[in-house]
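Examining the three-dimensional arrangement
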Amino acid sequence: MIVVIAEQRDGTLNRATWETIAAAQQLAGVVGTPATVLVPGAGAAAAANELAAADVQGVATLEHTALEPYTPDGFTAALQPALAELQAAYVLLPHTYQTRDFAPKLAARMDRAIITDVTGIKTAGASDPAFVRPMFQGKLTADVVPQGSGPHFVTFQIGAYRADQAKKGGAAAIRALSVTVDASAIREKPEAPFQQAKQAVDLSQAERIVSVGRGIKEEANIGVARRLADALGAEIAASRPICDAGWLPMERQVGSSGQTVAPKLYLALGISGAIQHLVGMKGSSTVVAINKDPDAPIFEIADYGIIGDLFEIVPAMIEALKQ
Ligand SMILES: Cc1cc2nc3c(=O)[nH]c(=O)nc-3n(C[C@H](O)[C@H](O)[C@H](O)COP(=O)(O)OP(=O)(O)OC[C@H]3O[C@@H](n4cnc5c(N)ncnc54)[C@H](O)[C@@H]3O)c2cc1C
């Protein structure tokens, strides 16, 4: 069985889960094994109802006190027997912060390898899948073929697959799993979520992003980009030099050393399109770039390119949006 571990909080699904389902459906076609979605945590039933629309063999919920509040120990202890019951051959996860926290531990506990940040699946042999992942800041890609017995753990880069690529199939059967967890296995005692986390933005969930590059010239000019973001109902983000300069907080940086995003609209203002930036946003559905250099590499991946001075174009866009 291919098992997708869904991510949800209080019944609200992280939409990267749908991206992982799209990957699972492709993998199912390669290895000829059906896929099922495993939904851990309180609120799993509500998220499972939504996931039942996917073209998968089934949806399994896993609710247990060990899963609340979230701890990597609790997830590891509860998921290990659940994966055994589902006879998982592959375990697929979205490459979210939470996955990064618990999945390596779960794989290590089961003495299996984990292939992380995967961007695609290829066929290596008869029905052997190879998982494509970037290396050296995206300069190389490696085709990784897992060896030995499963389950093989694979995490998918946000935006590598599109949520709307996931095939819908009607009504997958939902069943509830139950597991026994030794409470002493949970050593962490999490405190209430960090207050600032409320303001901290998870750009990977944003539908629209206005991103600022060095073309903005100085900190005082960030305001014009903010006004455009407000007019579009978008989050503001930036290339690395802007965050390095402290003009926007680090959590707003997009790229290989920042966040990976996949919004419906990514508007790049005065960003040249260095590879370290592109790897963080190339999964966006529509990229609009404004740059005064017609040879800027960002135009190679932009769906719409506007060659010109952002200080003329952006105010005109804000005016047009207001109307
Ligand atoms: C290990 C490593 C990790 C890195 N990680 C990241 C990362 O996570 N994210 C990231 O973004 N970068 C990262 N970088 C840096 C990356 O290599 C680039 O230096 C950076 O992305 C460039 O940012 P930029 O496009 O804003 O600036 P520049 O490359 O300086 O481009 C500015 C652009 O603005 C245009 N412009 C100027 N004035 C105007 C105007 N008035 N109107 C319109 N356009 C104008 C210019 O034509 C130019 O194309 C990393 C680098 C390394 C070595």
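Residues numbered from 1 in each chain as written. Predicted model: local features only at pLDDT ≥ 70, side-chain atom pairs only at ≥ 80, totals over all residues. Heavy atoms only, no water.

**Re the pairing of strand 15 (residues 265–269)**
For strand 15, the tally of buried residues reaches five of five residues, placing the bulk of the element in the interior. Residues Leu265, Leu267 and Leu269 of strand 15 are buried on one face, and the alternating residues Tyr266 and Ala268, pointing to the opposite face, are buried as well. Of the pairings in the sheet, the one linking strand 13 (residues 208–212) to strand 15 comprises five bridges and is parallel in character. Paired with Ile209 across the strands is Tyr266, a residue of strand 15. Sheet analysis places strand 15 next to strand 16 (residues 286–291), joined by five bridges and oriented parallel. Bridged to Ala268 within strand 16 is Ala289. Crossover handedness for the path strand 15 to helix 7 (residues 275–281) to strand 16: right-handed. (Buried < 20%, exposed > 50% of the residue type's maximum accessible area, 1.4 Å probe, protein only. Helix = DSSP H or I, 4+ residues; strand = E, 2+ residues; numbered from the N terminus. Pairing = 2+ DSSP bridges. Right-handed = clockwise from strand over helix to strand, strands pointing away.)

**A word on the environment of Arg100**
Mapped onto the secondary structure, Arg100 falls in helix 4 (residues 97–109). You can call Arg100 partly exposed: its relative accessible area is 45%. Taking the C-alpha atoms as reference points, Arg100 and Pro72, 28 residues apart in sequence, are found 9.8 Å from one another.

**Considerations on the nonpolar core**
Across soluble globular proteins, nonpolar side chains have a tendency to be buried as a group. Ile21, Val37, Val39, Leu51, Leu92, Phe131 and Phe156 are the most contacted members of the largest nonpolar core, which totals 33 residues. Of all the elements in the fold, those that place two or more residues in this core are strand 1 (2–5), helix 1 (16–31), strand 4 (35–40), helix 2 (44–51), strand 6 (90–94), strand 7 (114–118) and strand 11 (152–156). For this core, the element with the most residues is helix 1, which contributes eight residues. With residues near it in sequence (within four places) discarded, Phe156 still touches Thr20, Ala23, Leu92, Leu93, Pro94, His95, Val118, Ile121, Phe131 and Tyr161. Counting 26 residues, the second largest nonpolar core, distinct from the first, contains Val3, Phe75, Leu83 and Phe102. (Core = buried A, V, L, I, M, F, W, Y, C linked by side-chain atoms within 4.5 Å. Contact = heavy atoms within 4.5 Å.)

**Some points on the confidence of the model for the protein chain**
In this model, the protein chain carries an average pLDDT of 93, and 97% of its residues clear a pLDDT of 70 or more. Counting contacts from residues 195–199, a segment whose pLDDT is below 50, to residues more than four positions away or on other chains yields one contact. (pLDDT = per-residue confidence, 0-100.)

**So, the pairing of strand 4**
For strand 4, a buried count of six out of six residues is recorded, marking the element as mostly surrounded by other parts of the structure. Of the two faces of strand 4, both are covered, the one formed by Ala35, Val37 and Val39 as well as the one formed by Thr36, Leu38 and Pro40. In terms of strand pairing, strand 4 meets strand 5 (residues 58–62) through five bridges, oriented parallel. Bridge pairing in strand 5 places Pro40 opposite Leu62. Read as a crossover between parallel neighbours, the route from strand 4 over helix 2 to strand 5 is right-handed.

**Observations concerning the site of the ligand**
Neighbouring the ligand are 27 residues; Lys217, Ser239, Ser257, Ser272 and Asn291 lie closest to it. In the model, an oxygen atom of the ligand is placed 2.8 Å from a nitrogen or oxygen of the Arg214 main chain. Gly258 places a polar main-chain atom, nitrogen or oxygen, 3.4 Å from an oxygen atom of the ligand. Protein burial of the ligand: of its 980 Å² of free accessible surface, 77% is covered by the chains. For the shell around the ligand, the secondary-structure elements that each account for two or more residues are helix 6 (240–244), helix 7 and helix 9 (310–322). The class makeup of the residues in the shell around the ligand is six nonpolar, 15 polar and six charged. (Near = heavy atom within 4 Å. Polar contact = N/O pair within 3.5 Å; in protein donor to acceptor, adjacent residues only side chain to side chain. Areas by Shrake-Rupley, 256 points an atom, 1.4 Å probe, with all protein chains shown as cover. Nonpolar A, V, L, I, M, F, W, Y, C, P; charged D, E, K, R; others polar.)

**Re helix 1**
For helix 1, which comprises 16 residues, the first-to-last C-alpha distance of 23 Å matches the rise-based estimate of 22 Å (1.5 Å per residue) to within 8%. The buried fraction of helix 1 is high, at 13 of 16 residues. Just downstream of helix 1, Gly32 is the residue with a positive phi angle, here 70°. (Expected span 1.5 Å × (residues − 1).)

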